Every structure is written in structure tokens, then in C-alpha cells.
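Residue-level structure breakdown
Here is how the chains run, residue by residue.
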Amino acid sequence: MNRYWNLGLEALVFLMCVGAANAACVIPFDGMKVTGDTELCPGMYNLSDPGLDGVIAFDAGNVTLNGNNAVLIGDGKGIGITNDGHDAVRIKNCTVRGYDRGISLAGGLYHQLVYNSVEECTIGIFLDSAARTDLIANTVRYCLYDGIYLNQASSATLTGNDACANIEWDINAFGGMNNKGSQNRCNVSKGWNDTGVAKGCEYSCAVCKDYDADGVCDGTDNCQFIDNPTQSDSDGDKVGDL
């Protein structure tokens, strides 16, 4: 009798522990507000932003959003993660794909973006009049306009970011002052140079521009604007089969 009771107790404790572990993370949803330190549950989430106000938005300052390798996938519109005016927000380990703006920080100061991945957005990471923001080891690729766009941002520090294969500019800095960086990787930049570099980044990109992100460089892609990784061309017109 005691043996079975003990086994039942062990099972109950196990289930409580599993439940507690799952409760520690949050499944993301459109309209999610971050008011305290938050960790997302791992997984891939198709989340559009019909209100154009951000799938995930900060509603408080001095908080951390840990993506925990969650992947947010949009439909080409809206914003993946946004902050409007709150200070000291930290975003890490998030993957964001397919939004007009992947991660957008408007105003505020003392932000950190660390180990995030942003792909296939119109603008990957957008700093709009934000001050004293640290961008560390983020990867931003295959964005239609800019990988990283600093618009009137000041005292931003970019370190070890990989901004490559973006269509217009890998890093674009407009206005602002006292921005600096080191050990970044990019090929095409505007208004930006790493410390000690005459123009651009300390390192060049190891990947080519690839508008449709099909793994074939734009210079040789027979259908540059539509994903066709096999490059099939059955009629021989040098334009890929659609």
C-alpha cells in the first residue's frame, strides 16, 4: 500500500515539475504585451500583425524578452517585436521573419538586442530616435531595404553583428550622433563605418545577396524574385520555371 502511494506521490511531483517548467514560458500571440521579464516557449509561430502595432509590444521598461529560440513568422506586414518609448528593454534569442519591420525600437534609451535573428523583412532591425542601444551578435539577412537602420539614433554601439545579403543596405545610419561599432560584418552600408574602418564594417560578408532567399545568388539566379532553388528551366529561355 505504501509502495503504491509513494509511486503515486512521485508521479504527482513529476507532473507538477513538468507543469511548472511549461508555465515558465509563454506562447506568443498577436497583441501580446510585455510588462515583466518574459520567456517565450520554443516553436514556430505564424503570427500576422493586422493592426500594424506589433505582434509583441513592450508595455513597460527595464524588462527582458527572451525568445528562447521561438520563431515568429509574419505575412510581410506589420512589426514582429516593438517598443515605443520605454527605457531599458532587452531582447535576446528571438528569431523574426517576414514582417515589414522585424524588431523596432522607437525612442527610449539603454536598450540591448543580443543574439537575435531577423530575416526576410522590409527592414530588419529599426532604431528610431533610440539612444544608447547595444546591438550584440545579431544576424540580419535577406531584408528588402535595410538590415539594420539607425534613424536619428544616438550613442548606439554595434558589436559582432552579421548584417548580410540585404537588398539595399546591410547597415544604414541616417542622422544621429556618437554611434560606433566593431567586429561587424556587412558588404553595403550607408553613413556607417566600424571604428578604425574607412567605410563599412570590419569584416565582409560570407554570403551573397539573394532576394528570394532560395540559396542561389542574385547574380546567377534565373528567377531572382521567386523562390526556385532547383533553377529548373525546361523551355531553355533562361528564366526559371514558375
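Calculation criteria
Residues numbered from 1 in each chain as written. Predicted model: local features only at pLDDT ≥ 70, side-chain atom pairs only at ≥ 80, totals over all residues. Heavy atoms only, no water. Helix = DSSP H or I, 4+ residues; strand = E, 2+ residues; numbered from the N terminus. Buried < 20%, exposed > 50% of the residue type's maximum accessible area, 1.4 Å probe, protein only. Pairing = 2+ DSSP bridges. Axes fitted to C-alpha atoms, helices over the stretch in contact; angles between N-to-C directions. Contact = heavy atoms within 4.5 Å. pLDDT = per-residue confidence, 0-100. Salt bridge = Lys/Arg side-chain N within 4 Å of Asp/Glu carboxyl O. Polar contact = N/O pair within 3.5 Å; in protein donor to acceptor, adjacent residues only side chain to side chain.

1. With respect to the overall build of the protein chain
- A tally of helices and strands in the protein chain yields 1 helix and 21 strands.
- Burial analysis of the protein chain (242 residues in total) assigns 43% to the buried set.

2. As for the pairing of strand β8 (residues 89-92)
- The side-chain alternation of β8 yields one buried face, formed by V89 and I91, and one unburied face, formed by R90 and K92.
- Relative to β8, strand β5 (residues 63-66) runs parallel, the two sharing 4 bridges. Bridging from a neighbouring strand, T64 pairs with R90 of β8.

3. A closer look at the sheet that holds strand β9 (residues 95-97)
- Overall, parallel pairing links the 6 strands, which are arranged β3-β6-β9-β12-β15-β18 in an open sheet. Where the open sheet ends on each side, the last strands, each with one partner, are β3 (43-46) and β18 (162-164). If you compare each strand with its neighbour and ignore which way they point, the axes differ by 10° on average.
- The pairing of strand β12 (residues 117-119) with strand β15 (residues 139-141) spans 3 bridges and is classified as parallel. From the neighbouring strand, E119 faces β15, where its bridge partner is R141.

4. Regarding the side chain of T38
- Structurally, the position occupied by T38 is in strand β2 (residues 38-39).
- Judged by relative accessible area, which is 13%, T38 ranks as buried.
- Not counting residues within four places of it along the chain, the set of residues in contact with T38 comprises V26, M32, T64, L65 and N66.

5. Observations concerning the confidence of the model for the protein chain
- Confidence in the prediction for the protein chain averages 88 pLDDT; 83% of positions are at 70 or higher.
- Segment residues 1-9: pLDDT under 50, and 0 contacts once partners within four positions in sequence are set aside and those in other chains are kept.

6. Quick notes on the pattern of salt bridges
- All chains considered together, the criterion is met by 2 salt bridges.
- One salt bridge connects R97 with E119, and the closest N-O pair in it is separated by 3.8 Å. Within this pair, whereas R97 is found in strand β9, its partner E119 is found in strand β12, the two being separated by 22 residues in sequence.
- Overall, E119 belongs to the buried group, its relative accessible area being 18%.
- Residues R141 and D162 are paired through a salt bridge, measuring 2.9 Å at the closest nitrogen-oxygen approach. Linking R141 in strand β15 with D162 in strand β18, this pair joins segments that are 21 residues apart in sequence.
- Looking at D162, the relative accessible area reads 14%, which means it is buried.

7. As for the side chain of N166
- With respect to the helices and strands, the residue N166 is situated in the loop between β18 and β19 (169-174).
- Polar contacts involving the side chain of N166 include one to the main-chain amide nitrogen of Y142, which spans 3.3 Å.
- Among the polar contacts listed, one links the side chain of N166 to the side chain of D170, at a separation of 3.1 Å.

8. Some words on the sheet that holds strand β20 (residues 180-182)
- Pairing is parallel in the open sheet, where 7 strands are placed in the order β2-β5-β8-β11-β14-β17-β20. Whereas interior strands pair on both sides, the edge strands pair on one side only; in this sheet they are β2 and β20.
- Note: β8 against strand β11 (residues 112-114), 3 bridges, orientation parallel. Bridge pairing in β11 places R90 opposite Q112.

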